[in-house]
Every structure is written in C-alpha cells, then in structure tokens.
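Spelled out from the first residue to the last, the chains are:
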Amino acid sequence: MSSWLDYTINGLILGNVYALVAVGLALIFGVSRLINFAQGSIYLVGAYIGWVAVVGLRTPLFITIVLVAVTSALVGLIIERFGLRPLQNSVRIAPLLATIGISFVLDQIVMLTFSPNPRALPSQLPDIRFQIGTGTIGPLDILIACIGITSALLLFVFLRYSKLGWAVRATAQDRDAAMQMGVDVNRVNQAVFGIAAALGGLSGLLVGMYYNQIDTAMSLHATLKGVVAEVVGGAGNVPGAVVGSLLLGLVESYGVAVFGTSYRNLFAFLLLIVVLVFRPNGIFANAKQAPPEPLTGTFIAPSRPVRIPRWALLVAFAAFALLPLLPVSSYVLQTLVNAWLFAMLALSLTLVAGTIGQVSLGHAALLAIGAYTSALLSLDFSVPVSVAIICGGLMSAALGTLLISPSFRLRGHYVSIATLAIGEIISLVILNWETVTRGPIGVSGIPPLSLFGYEFVSAASIYWFSFAIMVLLGLLQVRLLGSHIGRSFRAIRDDDVAARAYGLSLNRYKALAFIFGGFAAGVSGGIAAHLYSYINHETFNTQQSILALTIVILGGLGNVAGAIVGSVALVGLPEVFRVAAEYRILIYGIVLLLLVRFRPQGLLGTI
Amino acid sequence: MAEEINAPVASHASLLSLRGLTRRFGGLIAVDGIDLDLAKGELVSIIGPNGAGKTTLFNLVTGLDRPDGGEVRLDGKAITGFSPERLAGSGIARTFQLGRVFGNLSVMENVLIGAHTRLLAVKPATPLIGPLLELGLALLRPAAVRAEEEQLREEVRGILARFGERLLPRIDQPAYSLSYANRRRVEIARALALRPRLLLLDEPTAGMNPTETTEMQALVAELKAEGLTILLIEHKLDMVMRLSDRVVVMDEGKKIAEGAGDDVRNDARVIEAYLGHGLSQPAADARETAA
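Residues numbered from 1 in each chain as written. Chains lettered and ligands numbered in written order. Predicted model: local features only at pLDDT ≥ 70, side-chain atom pairs only at ≥ 80, totals over all residues.

Trainee: Hey, could you run me through the overall build of chain B in this one?
Mentor: When helices and strands are tallied, chain B shows eleven helices and ten strands. Considering only intrachain contacts with a sequence separation of at least 6, the fraction spanning at least 24 residues in chain B is 66%. (Helix = DSSP H or I, 4+ residues; strand = E, 2+ residues; numbered from the N terminus. Contact = placed C-beta atoms within 7 Å.)

Trainee: What exactly am I supposed to notice about the overall build of chain A here?
Mentor: Scanning chain A from terminus to terminus reveals 24 helices and six strands. Here chain A has a C-alpha radius of gyration of 24 Å; the compact-globule value for 607 residues is 25 Å, and the two agree. Burial analysis of chain A (607 residues in total) assigns 54% to the buried set. Contacts spanning at least 24 positions in sequence make up 80% of the contacts within chain A whose residues lie at least 6 apart. (Rg over C-alpha atoms; globule rule 2.2 N^0.38 Å. Buried ≥ 20, exposed ≤ 12 C-beta atoms within 10 Å, placed from the backbone.)

Trainee: What am I meant to see in the sheet that holds strand E8 (residues 229–233) of chain B here?
Mentor: In a beta sheet, neighbouring strands are held together by backbone hydrogen bonds and run either parallel or antiparallel to one another. Residues and elements named next belong to chain B. In spatial order, the strands read E6-E7-E8-E3-E9-E10; together these six strands make up an open sheet with mixed pairing. The sheet is open, and its two borders are formed by strand E6 (92–94) and strand E10 (254–259), each paired with just one other strand. Within the sheet, the average angular offset between the axes of one strand and its neighbour, ignoring direction, is 20 degrees. Most of the contacts of helix H1 (residues 54–62) go to strand E7 (residues 198–202), to which it runs at about 150 degrees, and overall it touches strand E3 (43–47), E6, E7, E8 and strand E9 (246–251). (Pairing = 2+ DSSP bridges. Axes fitted to C-alpha atoms, helices over the stretch in contact; angles between N-to-C directions.)

Trainee: What exactly am I supposed to notice about the packing of helix H6 (residues 163–173) of chain A against helix H8 (residues 185–211) of chain A here?
Mentor: A pair of packed helices is captured by two measures, namely the crossing angle of their axes and the spacing between those axes. All names here are of chain A. Viewed as axis vectors pointing N to C, H6 and H8 meet at an angle of 100 degrees, and their least axial separation amounts to 9 Å. As far as their axial angle goes, H8 and H6 are roughly perpendicular. Packed against H6, whose contacting residues are Leu164, Ala167, Val168 and Thr171, the element H8 presents Val185, Val188, Ala191 and Val192 at the interface. Looking at the contact of H6 with H8 residue by residue, the classes come out as seven nonpolar, one polar and no charged. (Parallel < 35°, antiparallel > 145°, perpendicular 65-115°, else oblique. Nonpolar A, V, L, I, M, F, W, Y, C, P; charged D, E, K, R; others polar.)

Trainee: Help me out: how do you make sense of the interface of chain A and chain B in this one?
Mentor: The figure often quoted for interface size is the accessible area lost as the parts come together. In this complex, chain A contributes 31 residues to the contact, which on the side of chain B involves 35 residues. Looking at the side of chain A that touches chain B, the elements that each hand over two or more residues are helix H18 (459–481), helix H19 (484–494), helix H20 (496–501) and helix H21 (506–532) of chain A. The class makeup of the residues in the side of chain A that touches chain B is 15 nonpolar, eight polar and eight charged.

Trainee: In this structure, what is going on with the sheet that holds strand E5 (residues 77–78) of chain B? I would like to understand it.
Mentor: All names here are of chain B. Read from one edge of the open sheet, four strands run E2-E1-E4-E5, paired in antiparallel fashion. With one partner strand each, in any of the chains shown, strand E2 (28–39) and E5 form the two edges of the open sheet. Sitting on the sheet, H1 is in contact with strand E1 (14–25), E2 and strand E4 (69–74), with an inclination near 65 degrees to E2.

Trainee: Explain the domain arrangement of chain B here, please?
Mentor: Residue and element names in this part refer to chain B. When the domains of chain B are assigned, the result is domain 1 (1–91 + 196–206 + 218–236 + 261–281) and domain 2 (105–193). Tallying the contact residues gives six residues for domain 1 and five residues for domain 2. For the side of domain 1 that touches domain 2, a count of residues per class yields five nonpolar, one polar and no charged. (Domains from an automatic or database assignment.)

Trainee: Can you walk me through the pairing of E3 of chain B in this structure?
Mentor: Consecutive residues of a regular strand have side chains that alternate between opposite faces of the sheet. All names here are of chain B. Among the five residues in E3, five count as buried, and that is most of the element. Both faces of E3 are covered, namely the face carrying Leu43, Ser45 and Ile47 and the face carrying Val44 and Ile46. When E3 meets E8, the two strands line up parallel, connected through four bridges. In the strand pairing of E8, Ser45 is matched with Leu232. Strand direction decides the pairing type here: E3 and E9, joined by four bridges, are parallel. Each bridged residue has a counterpart across the sheet, and for Ser45 the counterpart in E9 is Val247.

Trainee: Where do I start with the domain arrangement of chain A in this structure?
Mentor: All names here are of chain A. For chain A, the assigned domains read domain 1 (4–278) and domain 2 (330–542). A separation of 33 Å is found between the C-alpha centroids of domain 1 and domain 2. Contact residues are listed per partner, giving 17 residues for domain 1 and 18 residues for domain 2. Counting only elements with at least two residues in the side of domain 1 that touches domain 2, the list comes to helix H4 (93–114), helix H9 (218–233) and helix H11 (264–278). If you tally residues by element for the side of domain 1 that touches domain 2, the top one is H11, at seven residues. Of the residues contributing to the side of domain 1 that touches domain 2, the split by class is 14 nonpolar, two polar and one charged.

Trainee: Looking at this model, I keep getting lost on the environment of Met395 of chain A. Mind explaining?
Mentor: Residue and element names in this part refer to chain A. In this structure, Met395 sits in helix H15 (residues 385–404). Residue classification places Met395 among the buried residues on the basis of 22 C-beta atoms within 10 Å. As a C-alpha pair, Met395 and Ser374 span 21 residues in sequence and 9.1 Å in three-dimensional space. Aside from chain neighbours lying at most four places away, what touches Met395 is Ile369, Gly370, Thr373 and Gly522.

Trainee: Teacher, can you tell me more about H8 of chain A here?
Mentor: Think of an α-helix as turning once every 3.6 residues; residues three or four places apart then point the same way. Residues and elements named next belong to chain A. Taking 1.5 Å of rise per residue, 27 residues should cover 39 Å, and H8 covers 39 Å from first to last C-alpha, within 8% of that figure. Within H8, 21 of the 27 residues are buried, which leaves the element mostly enclosed by the surrounding structure. Just downstream of H8, Asn212 is the residue with a positive phi angle, here 55 degrees. (Expected span 1.5 Å × (residues − 1).)

Trainee: What's the story with unusual backbone geometry in this structure? I'm lost.
Mentor: All names here are of chain A. Even without a glycine there, the phi angle at Asn212 is positive, about 55 degrees. The topology assignment puts Asn212 in the loop between H8 and H9. Phi angles above zero are rare outside glycine, and Arg438 is one such case at about 65 degrees. When you line up the elements, Arg438 lands in the loop between helix H17 (434–437) and strand E3 (443–444). Classification of Arg438 by C-beta neighbours within 10 Å gives partly exposed; the count is 19.

Trainee: How do you make sense of the confidence of the model for chain A when you look at a structure like this?
Mentor: Detailed reading of the predicted coordinates is not advisable wherever pLDDT is low. Averaged over all residues, the pLDDT of chain A equals 88, while 97% of them reach at least 70. Under a pLDDT of 50 for its full length, residues 287–297 of chain A has, in the predicted model, seven contacts with residues more than four places off or in other chains. (pLDDT = per-residue confidence, 0-100.)

Trainee: What am I meant to see in the packing of H19 of chain A against H21 of chain A here?
Mentor: Residue and element names in this part refer to chain A. Axis separation between H19 and H21 bottoms out at 10 Å; the angle between their running directions is 115 degrees. On the basis of their axis angle, the class for H19 and H21 is roughly perpendicular. Judged by the sense of rotation from one axis to the other, the crossing of H19 with H21 is left-handed. Along its contact with H19, which presents Ile485, Ser488, Phe489 and Ile492, the element H21 presents Leu506, Tyr509, Leu512 and Ala513. Across the contact of H19 with H21, the residue classes break down as seven nonpolar, one polar and no charged. (Left-handed = near helix turned anticlockwise from the far one by under 90°.)

Trainee: I tried to follow helix H22 (residues 542–555) of chain A on my own but got confused; where do I start?
Mentor: All names here are of chain A. Helix length check: H22 (14 residues) gives 20 Å between terminal C-alpha atoms against 20 Å at 1.5 Å per residue, within 8%. Of all the 14 residues making up H22, twelve are buried; the element is thus mostly covered by neighbouring parts of the structure. Listed in full, the buried residues belonging to H22 are Gln544, Ser545, Ile546, Leu547, Ala548, Leu549, Thr550, Ile551, Val552, Ile553, Leu554 and Gly555. For H22, the secondary structure elements touched by its buried residues are H4, helix H13 (330–355), helix H14 (364–380), helix H16 (413–432), helix H23 (560–576) and helix H24 (581–598). Downstream of H22 by one or two residues, Gly556 has phi in the positive range, about 115 degrees.

Written out as structure tokens, the structure reads:
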C-alpha cells in the first residue's frame, strides 16, 4: 500500500512531465493564438527516437536526451516551415485543421515504422528507491524533476535575457506591433516551435522511461493532457502552464489513489471542463480582465458553393437507388452502406462544424450514444429495432447537446478541445459504467435491423434502408438550412459578436445545431450497432471523428451534398483501390493537409 | 469642471440616459463617469480624438461590454449590463467601427438577420420548449412563417432601395465580395431592419470618398427626419455640424464639452484636446470654409 506522500511525489513527477508538453503549447499559443494539436505527436516521436537510441544505438543517457531534444526540435521546425507558415494569411480554421492533419500523419508514420505493438523503453538508471519519510523516490523521479526545473530555468533565461526571447514576448503581446518594430515573426515562430518540440519530445522520452513502455496511442492523450494543463493555467501563460501541469498531475494521482486507474483520464477531462466553464481564461486570470480583442476576419474560407442542377441530383439519386438491382457484388453494397452511415455522421458534423462553426473533434461519441441506446433498448427492453434507432437518435441529440453545452461559451480552438475531451469522457463512462453498458466486455447479440417485423438480411435491403434514411436526413437538413435557423447558424459562425448584437442567442442556436446534428449522428450509430451486432467502447473512436472531419472539409463546410460526396470518396474509394487499412488514416491526414492548403473551401464549396 | 458642462436636457423625455458610466481596463479608465441624455428623435454626435473612449461607450450601451460603474436607462428602464441579445430585442441597433458584416451571407440574408428579433418563430421565450418550437416551425414552415419571410424580404428590398443602386443589384451576392463602402451600407440596412428605437452609428462614413460621404449624410438626415433617435460617432466634422442637435466631445474617457455644434467648436478645451491632437488650426479653418 503506497502512502499519500508517494501519491504526491507521483503526482508532481507526472505534473513535471505534463509541464514539458504544456509549456510548449503555451509558447505556441502565445505567439500564434494556435493550439497545436500535433504536440502529442512530437511527444510520440520523441519517445520512439529515445527507444531507437537506447535499445538500438545503446547511447548513454545524456546523449539520448540531447538526441531526442535535437531531433524533436527538427520535427517541430519542419512542421512550422511546411505545415503552418504557408497558412499564415488564411482563415482561422486553417491552422487548426492543419495541426490535426499533421498529428495524424506523424502518428501513422510512427505506427507504420514501429508497428502499433507496445515496446519497452528501459530507463538506463539504477533501479533503487530512496526512503523519504513515509514515501520513496527513485533516480528517475529525480531526473524528471531536474529536467523539468532545468528546462524552466533555461526558458526563463531565454525569454528574459536573449534578444530572440524578447522578440517572442513582444510577438505574444502584440503581433502586429512587433512586426512593425522589425521583429522577424517567422524567426519567432521557428524558435517557439523548435523549443516546444524539443520539450515535447523530451517529455515523451521521460514518460516512456517512467512507465517502461511506449506505444502509438500515447500521442492523443499527451495532446489532451498538455492542453488541459495549459488551459487550466491560462492559455498562452507559460508559468501558468507549469502550475496547471503540477495541479493536473496531483489531481490525477490522488484520483487514481481513491478511485482506481481506469478513472485516471476522467479526472483530467473533468478538470478541463470545470475550468473551461468557470474560468475560461485559466485559474490565474483576473475575472475583470479586458475582454479579448474581438476577432475579425472570417473563420472559414469565403467561397461560392457549386450549384448542382436539380436533374443531376435526381440522376445521382436514381443511380444509387437502383444500384442493388444491377449485378454488383454485395461487397460494393456493404462498402456503400458504410459510406451512407458515415454520410449521416458527416451531415451532423458539417452542420455543427461548417454551418455554425463549432469544429467538434469528439463527434464519434454521438455515434456511441446512439448505438448504445439503441442496442440496449432493443436487448434489455425488447423495443422494436426501428423505434430503438429513433430513440438512439433522440438520446444522442439530448444527451450530446447537454454534455457539449458547457463548451457553448467557448470560441474557435477551445471548442475543438472541449469536444475532444467530452468525447473521451463519454468513452470512459461507457467503459466504467458496467451495470448499464457492460463495460469492457461490450454489448453483443444486438438484434439485426428490422422494420415492422421485416428483418433486413440481404445486402440490398440493408443498402436501401440506410440509403433512404441518409437521403431523408439530408433533405431535412437542406430544409433547415433554407430556414431562418440556417441563416442564423451561418451568421453566428461568421461573426458571433455582430450576431449577438442583433439578438441571436448563441446558446440557443448552438444547442439547436447539436440537437439536430446529434439526432443524425445518433441514428447513424444506432443503425451501425444493429448492423455490427457487437459494439464496445472502442467501436466509435477518434479516428472516425477525424475521418468525418476530413469528409466534411473535402465536401465543403456546411455543404449537405458535399458531405455525401465526401463520404463516398473517402469511405468508398479506399475500398475500391483496396488500400490497406493501416495506410488509410495516413491518407486521410494527407488529404486533410492538402485540402487546407490548396482548396480550403472543399470540392463543392462552403455554404 | 462639471458645472461648466451644459446641463443635459430634462431626463423625463429622454430615450437613452447614461449616469456616471465608467469602464476601466487595468489602470486605464476608458470611459470615465459619462452622463448623457438623448431625447426621442434627437441626433447626438460624439466626437473626440482616437482612443477617447467613444467606441467603448457604444459597447457599454449595446451590452457588448459591461460597465464597472454607472447606469444606463432606456425609456426610464434600467438596462445596465443587459446582454446584447436582450438589448437588440428592446430596440437598440448599432453598426460597428470596423464593419462586421456576415461575410458568407448574401446582402439579403445579412439584412434579414437585422429583423431576427421580430421573427414569429423566435418569440416563444420558454426555455426548453421555445427553441424546439422554433426548430419545428423552421422545418414545417406553416403558412404564417412563409408569409412572414416573404413580407420581410419585401421590406428588406425597400430598405436597400434607400441606398439607390448601390446594394439592390448585389442583393444575392455574398457580403465578402462587396466594397468597403457597401459593407458599411449593409450594416446600416441591417440595423434599420431591426426597426430600432435607438440607432448607434459608429463612424458610418469611415473609408468613404466625398460623394459617398454626402450620400450617407443625406441618408442619416432622412432617418433623423423620420424621427429616429440616433447616437453618432463621426470624425468628419462638417457632417457632424450639419446633422447634430447636440455634440458631445470626449477625451481620455471624459466628457469635456457638450452643446450645439458651434458652441462646442469654439470651446477652448475642445480645440486643445481634439483639434490640437489631430488637426492644426489652419487645417481646421480650411475645413470650416470648405464646409
């Protein structure tokens, strides 16, 4: 039985590790108002470079540390130069999407190079424990503390006494003024990304050594933890990020002590939501702080949507409706069913992210709510499947909106973080609420799709069923967009300050968007559950959220036809070309990056 | 100093009344104890050098910012610190200094947003049922909703017609494609669609050439003649002198003078604070003769 002192030491050590990630995020946010979603990927890269150095090259500890820091910094510089600098003058959503794309590309490259299997990362330090009072401390703990404190000191000296450090601080305070005074903002960005990446990579190395294990799933959680710590400390506030990290480490450590390890991440995300709701500027921000400069400039790329003639839509509809009558393999039909299910999710996301501008990164959680509701209702309460699916949609609309509502007061990148965290919370609740969700075992034996007692068993009938529902939801959404609500959504996206000044309540319309979108996503999840007959907490994951986002960007934000075209393209084409599953995410990431850079309005244009 | 300032008009007739309105940003007092009364149908201009606190004052009145002290009353009712949504609902419309149109919305849609608070479907204020009813009405679109939308579109065309041929031919174009001057016009059209009781115009002619400025001046004069109560921030002094019933001069957050245009113009403090910062005396004279 470990003592409280042990948990405290553990918490502080963890906090130190988070601080290395969070400080980098804070620096980047400070100079470019960007939350770098690729920070966790650099952490992952750092961990694997460390593994190569320790296991492959057998470098001594000091060389390992230098190697990891330098290589990670290089990766950071490359991200800044080729991923973000070309987007400097583009719309606000572009760099956000770019870092998401970069993060997926990096994660996949690491995964393809080293395989997703966990690897052991030995710590290179003697395995002894020193007794301190009632607790113990090992040499690795001391090393982590030393690296944390040394980095903080070096950073302090750099920011306070070097010319480039002054430039960084000046840029963080007022980018335009700094530029006019001759500060080379590109060099500042480079410096900041280099430092952030070096710290992030070191953090990955240390965590790997601490747990003596690394795997490719570390990336997303590192980003989330770092962001939580940064937001808790106040975005862009470097000392705040350190304190936020230590706080997060302690909260997690004590939480695990009381409730057990499977709740570890839940505390981090709950802390994030609580801070975002009650102190959106961080726990150190003065409540009476001047409001942030009203954001001007458009959030999404201005464009004129491509007008598709009515006859073309009818021809396409007829062609897809009649497809099962033609001699096509059931494989093609299954692939398209998958595309229709994704299209429903994309319809939901294009409304939420495109039409009202709330870029949700946890959208797959809405699928999960719909799927579990529908599956459990039909299994435990013998509700007819069709009714259960509708209930799944309604539950997703109600519960999803309720859970996401704390993020309604947030803007831009914060919405993405909050939705990502809420998605993780939902997945963790499903995992831990065993009495209802059956926990890690998942739900099996879910009855197949049926309508009025008629069971859909043939590929064709399943195809028609999902196609019809997708078309119905699409038409409903077109009707919504044509109403005053569609207009209000788009006005809020384009300028929420002006929208409020004309009486548009942000909470009301964001809630309506999530209610409407939540229903479509919930129905999609419900159908999927009955189709798969087995679901668990990992069936609906972040990869699907990212795929949905790529589909939405490809089709054009807010564009209903675009969401459907994008789904067929991104879900269907890889099947047609038999792209191996492990390369698909990589392709989605690259597609996302290319789109953001070269065709931000997507194929069919933003609406 | 306070007694030297002209006494505000009797407050019982005033539509908008500010008392001791104050807003601090850290050590800086952006708006410092401003008293102001605006009678129904009156046009009052606020002038002053850049950074005098004019736009901050607008933000306090329209709810985009909360005052640290003082009181705002609309028609005698305290509205201090109300949300902008609520204030829009009670008939306060404004334009923005930097021009905030909805870039991806067409001119028609931009102006229709101005009429948002008047929509039938938006009216039910019940917390949970209201929004769901609104969603239902938007999807089902019963005859009343369709007729309302049609009638509003007609009204928008009428409002746009006030700008001659500037906006009507571009009615379906997205606002991001408009010229700077046309965006300002869209903002004013959007404000008019609210059917405001009080209109706040923040530099409506910024960035406009002399012809466009004259057009805008004529429009504001027309609105005043129709009885609209207007609070105007403007740097073009000849326009201010022609349009205003009264002029308020702000400097460093304080009201330093108030009165008829000519009185204010000859006030020594104003010349020092306002003209002294920006224009040299000969330049100001040249401007007067030009006007």
